[in-house]
Structures are given as C-alpha cells and as structure tokens.
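Each chain, written out:
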Amino acid sequence: MSVLIYVENWEGKFKKLSFELVSYGAKVAEMLATEAVALTIGKIEDSELELLGKYGAKRIIHAETGNLNQIDSQHMAGLIAAFVTRENAGVVILSNNNTGKALAPRLSVKLKAGIGAGVSKLPLSIDPFIVYKKVFSGNAFAHVAIRSDIRILTLAQNSFELCETENSAAISRVPAEWESAGLKTRVTDVQKTAGKILLTDAEIVVSGGRGMKSPDNWGPIVELADLLGAATACSRPVSDEGWRSHEEHTGQTGKIIAPNLYIAVGISGATQHLAGVSSSKYIVAINTDKDAPIFSAAQYGIVGDAAKILPRLVEKVHEIKGK
C-alpha cells in the first residue's frame, strides 16, 4: 500500500501549495509506514520534478500526455484512478482547490472511496482512520471517520508547514493518453491577463471594503499592493456597488483564496466574507470599529481610520524598500 499525491502543475511549474501537499502526504505515509508517491500530469522538466523529492516524495510518476489542452475532470479522474489501482494506494491526497474539488468526488465514485474534504491537520488516528476539518466557515471543527479501504483527502491550503528533507526521489515517466472522443470539454482559446497578479495565485492580497467610503479612495490600496507585489481584492458590497470589478470579489459567493498574507481594509468581516479568506496564513485588519468580526479572525489588527492609516503604511513600506 502507498500514499498517492496528485500534484497539479501550472505550465510546467509547481507552486507553494504543491510542496505543501507533498510535505503533508509524506507525513501521512510515515504514519502508515509506507511510501509517498507523487503523481503529476503534463509537460514538465526534470529539474522541476526533482523539487518534489525535497519535500518527502519517495517516487515521482510523471504522466506525459499531449491532450491537456482538452481539460475534462471526468477523464482526468479516470486517469488518476488508474494510477491509484496500479500503485495499490490506500490514501489519495489532492489540494482543496478548484481542481481537487472537481476530481475528488469523481475519484470517490470510481474507487468506492470515502472522502475527507478540506482537512487541515494530519489524521488524528490511523485505525480507525479519523481526520480533522474545519466546518461552519471555520467556526467549528469535525472529526470525520473514513471506513473505506481507499481514503481520499483534500488538503486546505496554508494548513500544513513545508517540510524540506535531504531526500531524492526516483522519477519514472509513463505515457498517459486517453481517448479524445469521449471528452465533453474542449479549450478553444486561452486569454491571459498581462501585468496583473491573479487573485487566486497571489501570496499577498490587499483588500478593501465599504469602509473605504468611495471608489475614489482606492489609490492607497493599489499603491500598497504594487509595493508588496500583491493582488487587490474587495468585499461583495464593493463589487455590487460597482466600485471594483467582480473579478476581485472574495468570499463565499466570490473567490475563495488562501494567501500567506491578507490585508483587510475597511472590511467588517461578515461570515460570508470570512468563509472565503479564513485559510489565509496571516490576516491583518484595519477598521474603525473595534468590535468588527474581522478582528476575531485576524492575527494583527489596527483600530483606526483607513484614510489616515493607509498613507502612513504606504510611506513606511516605501521607506523599507528604498523606493
């Protein structure tokens, strides 16, 4: 039995969440006294694949396929399921991002496997197999027992520390083609936003709410984001008012993100908003209301007027960066 970790790559590159996933999978494998096997699909260089070994993968399977311009979760799940069977994997680990959320239920049906979705800690017990996850938008937690022979886990981002090792992994390349006739989704065109950090990829996000009072006051938020190499975001009321694009809306009904640092300016912290940003590693809140719910979720808080605090914060960052 092994632990199979599906590691997504983006145009041949891994991200921090990829290494977090492998670090987690390697620790689960240790608990089960077995090996961690990383699986990635698509074109990718050896130098990038070798990085997975540094985070605990004992073996790396590189499934080479030329069909990834025809993305279909159903077919992808079939491909991964075949590797699960081939590797006799007892645990399958994916990221709890859009890809993992699309693949996990399909894998569950194909493999007759139970799911622990959005886990944020190592299993509490191996026999019985019990996992920990946050529920009710992070306001409570649950212990979930998975009693099937194969267990599928999706790991919440920023919930597990990276664990670098001196390990080097063996890389095996396996051709993996599928029949294109059954594909239900075909990508015909890709348009990328140039010169802007994507919100879902950003390590730092600076976000504004109704406390900014007007779209004319957004300058300091954009300037701070530029200085920090961050993406800009907003709460739902801001996007509903048309102050900012709906593409920047974070929360339960918008984009769910997990940056290393989330700076919330003039955002009260409604439950729906916190549900979309609660996986952030650190939250810094700036608000005039000391009783605003955002402060209960934040590691650092500043009670005060954003119109006075932001310019001083921007000035200080300029000073530190020497710009």
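As a convention, each chain's residues are numbered from 1 in the sequence order in which they are written. Selection of residues for local features in this predicted model requires a pLDDT of at least 70, selection of side-chain atom pairs for listing and counting requires 80 or more, and totals for whole chains, interfaces and linings are taken over all residues. Note: side-chain values were computed over all heavy atoms of the structure, leaving out hydrogens and water.

*Asks:* Teacher, can you tell me more about unusual backbone geometry here?
*Replies:* Trans is the common state for peptide bonds, and a negative phi is the common state for residues other than glycine. Residue P128 follows D127 across a cis peptide bond; omega there is 5°. Strands here are runs of E lasting at least two residues and helices are runs of H or I lasting at least four, both read from the DSSP assignment and numbered beginning at the N terminus. Looking at where P128 falls in the secondary structure, it is placed in the loop between β5 (114–119) and β6 (129–135). With a phi angle near 60°, N158 is a residue other than glycine that sits in the positive phi range. By secondary structure assignment, the location of N158 is in the loop between β8 (151–155) and β9 (170–175). Here's how the labels work: a residue is buried when its accessible area is under 20% of the maximum for its type, exposed when over 50%, partly exposed in between, all with a 1.4 Å probe on protein chains only. You can call N158 buried: its relative accessible area is 17%. For K213, which is not glycine, the phi torsion reads 75° and is therefore positive.

*Asks:* Got a minute to help me understand helix α9 (residues 306–321) in this structure?
*Replies:* Along an α-helix, residues three or four positions apart point the same way, because every turn accommodates 3.6 residues. An expected span of 1.5 Å times one less than the residue number is assigned to each helix. In a regular helix each residue adds 1.5 Å, so 16 residues correspond to 22 Å; α9 covers 22 Å between its end C-alpha atoms and thus fits that length. Within α9 the residues assigned to the buried category are A306, I309, L310, V314 and V317. Relative to the axis of α9, the buried residues are bounded by an arc of 135° and lie together on one face. Exposed residues lying more than 90 degrees from the buried face of α9 are K308, R312, E315 and E319. A 3.5 Å cut-off defines polar contacts: any pair of N or O atoms within that distance qualifies, except that in protein one atom must be a possible hydrogen donor and the other a possible acceptor, and neighbouring residues in sequence count only when both atoms are side-chain atoms. The opening residue of α9, the one whose side-chain oxygen lies 3.0 Å from the backbone nitrogen of A307, is D305. At the C-terminal side of α9, G322 shows a positive phi close to 65°. Directions drawn from the helix axis to the C-beta atoms are what define this arc.

*Asks:* In this structure, what is going on with the nonpolar core? I would like to understand it.
*Replies:* As used in this record, nonpolar core signifies buried Ala, Val, Leu, Ile, Met, Phe, Trp, Tyr and Cys residues forming a set joined through side-chain atoms within 4.5 Å. By size, the foremost hydrophobic cluster in this structure holds 30 residues, and its most contacted members are V3, Y24, L52, V91, I93 and L153. Contributing elements (two or more residues each) for this core: β1 (2–6), α1 (16–31), β2 (36–41), α2 (46–53), β4 (89–95), β6 and β8. Residue contributions to this core peak at seven residues, all from α1. Every residue in contact with L52, bar those within four places of it in the chain, is listed here: V7, F14, F19, V22, A38, A57 and I60. Counting 26 residues, the second-largest nonpolar core is a separate cluster that includes I61, M76, L111 and A113. Whether two residues touch is decided by their heavy atoms; if any such pair falls within 4.5 Å, the residues are in contact.

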